[in-house]
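Examination of the molecular architecture
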Amino acid sequence: MKRWLLVTTGRIARMENGRAQFPFPYQPYDIQEQFMQALYSALDQGKVGIFESPTGTGKSLSLICGALSWLSDHEERRRQEAAALLQEGEAALSTCTSQPSASSSSSEPDWITDFVQKKAERDLVSKLKEEELKRKKREERLEMIRNNVQLKYAMKRKSSEDDEALKLLQLSKEEQPETRGDQEDEELIVAEYESDDESKTRSRFCAAEEDTDDDLVEEHVTKIYYCSRTHSQLAQFVHEVQKSPFSKDISVVTLGSRQNLCVNEEVRRLGSIQRINDRCMEMQKNKHEKHHDEEGVKRKRGPAKTVCPFNKASALQQMRDDLLGTVQDIEQLLKLGRETHSCPYYATRLAIPPAQLVVLPYQMLLHEATRRAAGVQLKGQVVIIDEAHNLSDTLSCIHSAELTGAQLCRTHSQLSQYADRYKSRLKAKNLMYIKQILFVIEGLVRVLGGKVGQNPQSQTTTQTGTEMLTINNFLFKAQIDNINLFKLQRYFEKSMISRKLGGFVEKYAGSGVSLHVQSGSNKENRRTEGLNRYLQTLQSNQGAATVSPADQQGSSEAEKVLSASPMMQVEGFFMALTNSNTDGRVVVLRQGTLSESSVKFLLLNPAVHFAQVLKECRAVIIAGGTMQPVSDFKQELLFSAGVGEERITEFSCGHVIPPENILPLVLCSGPSGQELDFTFQNRDSPRMMDETGRILSNICNVVPGGVVCFFPSYEYSRRIISHWEASGALTRLANKKKIFQEPKKANQVEQVLSEFSRCIQRCAADSSSTLTGALLFSVVGGKMSEGINFSDDLGRCVVMVGMPYPNIKSPELQEKMSYLDKHLPHAGGRSPGQALIENLCMKAVNQSIGRAIRHRGDYSSMVLCDRRYARPATLSKLPTWIKDRTSTHASFGPAFAALRKFFLEKKQKQL
């Protein structure tokens, strides 16, 4: 394994597989040059790279300029190699024509040998010529787009697509007699399912997702996939690309969900992602039906079907060309979509093959089914995963699934009604699979101690508590071990039963609690009587009486939740159960009533899903501001996925700020000499809480601007602040700094931060004010500990109270620890399970204290309040640029003196 540890400055020598210079918008820092050199080398050699570059060191630009420099060099090399091969092939052909081959010792005549040889050479030459022609056409087209030349394409649809849409139409209809009232329900019927063999059914089930014009389908060029956690991080990255020297020459596409990219206001108003997806899919299908109506295909009477006005082939093609020609973020894509009346969601998908840089969220890249649906192909490509400090947790989260008893009961009732309503129109194979799904759901409800067909809120569970089971044991306990879940999974995918059921529920049940029935319409009443019966049976054990008015008056939020069918979540849980028995566990949580109880699939081995990405890609770069500690990261995600030590390369660099601009302190005791030991047993003692208040009070006396104090949990934050209110410590703190608290709701974060910032600015401007700034109480792992910048005066000091260890009593965590102990090697006298706890804690600490330094001229202090931070093993897990400057203080006096001196010096420099 090759490791780069570049903490000192100094220009790195040019390496093999390296590059002497990189295009950059300004003179790069030394560590940026080193970063780009190491990145270039890793991509060229097809490595898996772990890259750590602290926030504020220009990591995004280094990634962009390093990776795109490699891509342009790689393309140039491939062009030269292809040209040389073509030249050789043509020369060999001309030689073969002029010189007859020597007599062959084989039994075949010479003319056959010559013919075979010439044919192989001719094929190679023609293939190379074809590829060269395609490349030139692609480059010319991009050049024309960038020069705003009006492009004209033939917009003819190919007959094969027409045939496919016609088949789709025919399959959704049944030959059996129908009543006129049911004709409009054709879109809700599952198409005929004849075989378990995927290859035979492929042509029968063609989702609108894959329905694109053949004219627009292209082969995938070599590209870089860049993914990050949030859309705001992706937008920030695209803005950096726009500032880079590559902005005029690179084709970039930003991917997102329909919820993020839809410009059809009628669809956007639906709110939930599932309802938006369902409506969009329905409109795609209607588009094809309309196309055939125009060509004279007779359609049965029924209401006119809505087609999305933004999804026209010509507009999509124009928008695809526009976004390939100019680098645009999601906001700009939405603006362009509204202006050109075209759909950004489908246009961005069409742009994937010719794009050189594809920017997308984690879920779309790391989840195989989502990746496939989006048209993302990883074979031989480069993947960069940014903000990857929580990659292992993210993978586990994406592939885990949870279902409540209420969701299971609702799905069972809805699917029963669906099958009952359309039983005369569904083929035997469909009914068989629907019955199997119902049988599995019954088994899951039985495990929770309930029964289907009864109100889950009125069913109390006899045995409460949490039970952890292997997948196989869970299947036996639920008595569903005789069901082939792989076949069910394929049925879900091919039949789109979840979407059909969603449409059925939305059309007839409204919120699922109160029915939207037109009292004057007998036909409508007749349609919904089955669902009415089901809703009535939900209210009583033996199907008595009606739905009570109180139950009908749910909040609008509850109605929104109920209106969407939970079948998608059920499908996700079924898929999770197809994991290997050793790779996951099922947590059965029984509490109070059946509706509150739940079954949850917990993925213990995220490497099993990451392995495919690592195997298919040419190179994978895992980057972050704080990647330490990386030992567990390599063990859990790379070695377990089959990556050899020789394929891994590490890069870690220092910060661009001068070393004297940070002051990290470890406090082992407080002003009164009280030892700081925030273990679970000691942290609630009044003495510890009072001492913490005294520490903060002293800090607020000498630190200007903003102080951010992180507590290990919301519960402890609530308890210590209540104690300070009662003791008067909070009032003393409020005399020096205005106090803010992290809000409970995520949508209030922006407002609190804005007020926090304004308060600090006002105090700085008003020298007569008694307040010197603001104090923000936050929680590690909360809304303020990641993705928020406390730059300059907003965060002159970050205080960490205690060590934020995860809840060791959590059954999920205990299971994860025992899994790691069993499957990973023990190192340094600690079990992998113990190392996991320590690493989870220190990753959270690193994320929180890294919020304060955001650029080269910034300065800040970090105060770690707990004697346990002084342990060498704990200190070693801090980022190198912080660890090297950290001083440990057994008593409070010297630490406070160092803090006061630090800020006095900064103040004098500014004068």
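Quick caveat, the model's predicted, so the values are computed rather than measured.

Examining the layout of surface pockets
- Size it by volume and the second largest pocket reaches roughly 1,000 Å³.
- Taken together, 34 residues make up the lining of the second largest pocket; nearest its centre are Asn390, Asp393, Pro806, Leu813 and Leu840.
- Going through the elements one at a time, helix H15 (391-398), strand S10 (598-603), helix H31 (811-823) and helix H32 (832-849) are the ones with two or more residues in the lining of the second largest pocket.
- At 7 residues, H32 tops the list of elements feeding residues into the lining of the second largest pocket.
- Partitioned by chemical class, the residues of the lining of the second largest pocket number 14 nonpolar, 12 polar and 8 charged.

Notes on the packing of H31 against H32
- Between H31 and H32, the shortest axis-to-axis distance is 7 Å and the interhelical angle comes to 130°. Considering their axes alone, H31 and H32 lie oblique with respect to each other. Taking contact as the criterion, the partners of Leu813, Lys816, Met817, Leu820 and Asp821 in H31 are, on H32, Pro832, Gly833, Gln834, Leu836, Ile837 and Leu840.
- Here the contact of H31 with H32 is composed, by residue class, of 7 nonpolar, 2 polar and 2 charged.

Some details on helix H19 (residues 485-495)
- Turning to H19, its buried residues are Leu485, Leu488, Gln489, Tyr491, Phe492, Lys494 and Ser495.
- Near the N-terminus of H19, the side chain that reaches the backbone nitrogen of phenylalanine 486, with its oxygen 3.0 Å away, is that of asparagine 484.
- At the C-terminal side of H19, methionine 496 shows a positive phi close to 55°.

A closer look at the nonpolar core
- Membership of the largest hydrophobic core comes to 60 residues, with the highest contact counts inside it found for Ile385, Leu391, Phe610 and Ile622.
- With 49 residues, the next largest nonpolar core counts Tyr433, Val440, Phe573 and Ala576 among its residues.

Examining the pattern of salt bridges
- Taken as a whole, this structure holds 26 salt bridges when the rule is applied.
- Residue glutamate 650 pairs with lysine 634 through a salt bridge whose shortest N-O separation is 2.7 Å. A residue pair is termed long-range when its members are at least 10 positions apart, and glutamate 650 in strand S12 (residues 648-653) and lysine 634 in helix H26 (residues 631-638) qualify at 16 residues.
- Taking the shortest distance from any N to any O, the salt bridge between glutamate 691 and arginine 694 comes out at 2.8 Å. Residue glutamate 691 and its partner arginine 694 are both found in helix H27 (residues 686-702); the two are separated by 3 residues, about one turn of the helix.
- On the basis of relative accessible area, glutamate 691 is assigned to the buried category, the value being 0%.

Thoughts on the sheet that holds strand S7 (residues 401-404)
- Judged by pairing direction, the sheet is antiparallel, and its 4 strands sit side by side in the order S7-S10-S9-S8 without closing on themselves. Looking at which strands have only one partner, the edges of the open sheet turn out to be S7 and strand S8 (465-470). Recorded for the sheet is a direction-independent mean angle of 15° between the axes of neighbouring strands.
- Here S8 runs beside strand S9 (residues 584-590); their pairing, made up of 6 bridges, is antiparallel. Bridge assignment links glutamate 467 to a residue of S9, and that residue is valine 588.
- Sheet contacts for helix H24 (residues 567-576): S7, S9 and S10; angle to S7, the most-contacted strand, approximately 130°.

A word on the packing of aromatic side chains
- One pass over the full model with this rule turns up 20 aromatic pairs.
- Each ring, one from phenylalanine 492 and one from phenylalanine 574, has its centre 5.6 Å from the other, and the planes form 80°; the classification is edge-to-face. Pair noted here: phenylalanine 492 is in helix H19 and phenylalanine 574 is in helix H24, with a separation of 82 residues, a long-range link. With respect to class, phenylalanine 492 is no different from phenylalanine 574; both count as buried.
- For the pair tryptophan 724 and phenylalanine 777, a centre-to-centre distance of 5.8 Å together with 45° between the ring planes defines the contact as tilted. Highlighted residues: tryptophan 724 in helix H28 (residues 714-727) and phenylalanine 777 in strand S16 (residues 773-779), separated in sequence by 53 residues. Both residues of the pair, tryptophan 724 and phenylalanine 777, belong to the buried class.
- An aromatic cluster of at least three residues, connected via ring pairs, comprises Phe711, Tyr716, Trp724 and Phe777.
- Of note, arginine 796 hangs over the ring of tyrosine 859, and the distance from its end group to the ring centre comes to 3.7 Å.

Reading the values: the criteria
- Residues numbered from 1 in each chain as written.
- Predicted model: local features only at pLDDT ≥ 70, side-chain atom pairs only at ≥ 80, totals over all residues.
- Heavy atoms only, no water.
- 1 Å grid on protein atoms, 1.4 Å probe; cavity = no way out; pocket = protein on both sides within 12 Å on 5 of 7 lines; lining within 4 Å.
- Points joined across faces, edges and corners; volume = space filled by probe spheres on them.
- Helix = DSSP H or I, 4+ residues; strand = E, 2+ residues; numbered from the N terminus.
- Nonpolar A, V, L, I, M, F, W, Y, C, P; charged D, E, K, R; others polar.
- Axes fitted to C-alpha atoms, helices over the stretch in contact; angles between N-to-C directions.
- Parallel < 35°, antiparallel > 145°, perpendicular 65-115°, else oblique.
- Contact = heavy atoms within 4.5 Å.
- Buried < 20%, exposed > 50% of the residue type's maximum accessible area, 1.4 Å probe, protein only.
- Polar contact = N/O pair within 3.5 Å; in protein donor to acceptor, adjacent residues only side chain to side chain.
- Core = buried A, V, L, I, M, F, W, Y, C linked by side-chain atoms within 4.5 Å.
- Salt bridge = Lys/Arg side-chain N within 4 Å of Asp/Glu carboxyl O.
- Pairing = 2+ DSSP bridges.
- Phe/Tyr/Trp six-rings, centres within 6.5 Å; stacked < 30°, edge-to-face > 60°.
- Lys NZ or Arg CZ within 6 Å of the ring centre and 35° of its normal.

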